[in-house]
Amino acid sequence: MAYETIVYERVEERIARITLNRPEKLNAMSPKLLAELDGAFEDFERDAESSVLILRGAGRSFCAGYDLTTGGEGGRHTITEDRWAMRRLVERWQRLWNLPKPTIAQVHGHCLAGATELAGHCDIVFAAEDAEFGHPAGRTLGVIPTLSMWPYLIGMRRTKEFLFTGDSMTAAQALEYGLINRVCTRDRLEEEVLGYARRVAKISVDMLTLHKAATNRFFELMGVYAAELSAADFDAIAHQTATAREEMRKMRERGLKQALAERNRAFAKS
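Now for a description of the structure that goes with this document. (Residues numbered from 1 in each chain as written. Predicted model: local features only at pLDDT ≥ 70, side-chain atom pairs only at ≥ 80, totals over all residues. Heavy atoms only, no water.)

## Notes on the sheet that holds strand β8 (residues 168-170)
Judged by pairing direction, the sheet is mixed, and its three strands sit side by side in the order β5-β7-β8 without closing on themselves. Two strands in the sheet have a free side with no partner beyond their single neighbour: β5 (110-112) and β8. Taken over all neighbouring pairs, the strand axes of this sheet differ in orientation by 20 degrees on average, direction set aside. Both strand β7 (residues 132-134) and β8 contribute to a ladder of three bridges, which runs antiparallel. Bridge pairing in β8 links Glu-132 to Thr-170. (Pairing = 2+ DSSP bridges. Helix = DSSP H or I, 4+ residues; strand = E, 2+ residues; numbered from the N terminus. Axes fitted to C-alpha atoms, helices over the stretch in contact; angles between N-to-C directions.)

## Quick notes on the layout of surface pockets
Within this model, the largest pocket holds a volume of roughly 720 Å³. Considering the residues around the largest pocket, the lining is formed by 24 residues, among which Leu-26, Ala-64, Tyr-66, Leu-256 and Leu-260 are closest to the centre. For the lining of the largest pocket, the secondary-structure elements that each account for two or more residues are β5 and α11 (256-265). Sorting elements by how many residues they give to the lining of the largest pocket places α11 first, with six residues. Tallied by class, the residues present in the lining of the largest pocket amount to 13 nonpolar, four polar and seven charged. Taken as a whole, the second largest pocket encloses approximately 550 Å³ of empty space. (1 Å grid on protein atoms, 1.4 Å probe; cavity = no way out; pocket = protein on both sides within 12 Å on 5 of 7 lines; lining within 4 Å. Points joined across faces, edges and corners; volume = space filled by probe spheres on them. Nonpolar A, V, L, I, M, F, W, Y, C, P; charged D, E, K, R; others polar.)

## Considerations on the side chain of Thr-5
Along the chain, Thr-5 turns up in the segment before β1 (6-12). Given the relative accessible area of 9%, Thr-5 is considered buried. Other than its neighbours up to four places away in sequence, Thr-5 contacts Thr-19, Leu-20, Asn-21, Arg-22, Lys-32, Leu-33 and Glu-36. (Buried < 20%, exposed > 50% of the residue type's maximum accessible area, 1.4 Å probe, protein only. Contact = heavy atoms within 4.5 Å.)

## Details of the packing of aromatic side chains
Centre distance and the angle of the planes are the two values used to describe a pair of aromatic rings. Per the counting criterion, the structure on display carries four aromatic pairs. Seen in terms of ring centroids, Phe-126 and Tyr-196 are 5.5 Å apart; in terms of plane orientation they differ by 45 degrees. Their pairing is tilted. Linking Phe-126 in strand β6 (residues 124-128) with Tyr-196 in helix α7 (residues 189-201), this pair joins segments that are 70 residues apart in sequence. Relative accessible area serves as the criterion here: at 1%, Phe-126 is assigned to the buried category. On the numbers, 6.0 Å between centres and 50 degrees between planes, the contact of Phe-162 with Tyr-177 is tilted. Taken as a pair, Phe-162 in helix α5 (residues 155-163) and Tyr-177 in helix α6 (residues 171-177) lie far apart in primary sequence, 15 residues in all. (Phe/Tyr/Trp six-rings, centres within 6.5 Å; stacked < 30°, edge-to-face > 60°.)

This is how it looks when you write it as structure tokens:
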């Protein structure tokens, strides 16, 4: 399959990699990019020669979230259309969660809003020291459709702490809280990820799939699927609030960049 917004490749024996390739947009996830991710997930699952998948972003950041300029998250007009759109997003990230072989997110720069869903549903996350994780869109636009696995990964108190303000956490904080696995310098990130992926690739695919399935089953029995779909319903409701509607109006009339700057100004830390 030919891709335009991502690069899918086998970088080494048994190691595949997806690169989000919209660096001019900080790799914001447009409908086309999301559809191409679906295709790449299928390619990886069918590829008997690849046993581990790395996901990274080109340019300055891993990913700035959903591309709101292309009718992405929050762009629906009725609650019915919106609810089903959010449920499809959840199904996409659950598809990533359910890939039978291991996945590793390689995060640098921004990892915000929808990008935390992408990273959150990977099995392993390595981050550069400059990485930041957060949901600033929660200040005015809505709930993360899956909550990015945060309640499971960092617990109830930390999840509320960051969702209530829309503040971002640093890579060091994300490591301390259990959101990610490792932090390293930006110039070492790719080699650290590849080094770990090479060790994973030494294990047979049969054994890897069983380790992953057995671990995932714990969270499935805790109700992860129903919890994520429920969060998507709350997101659809949030988009109908006066706050979200006013924010979308500002984005249409003033442009996305200015509207976001105005929203975030009040939360700037001195």
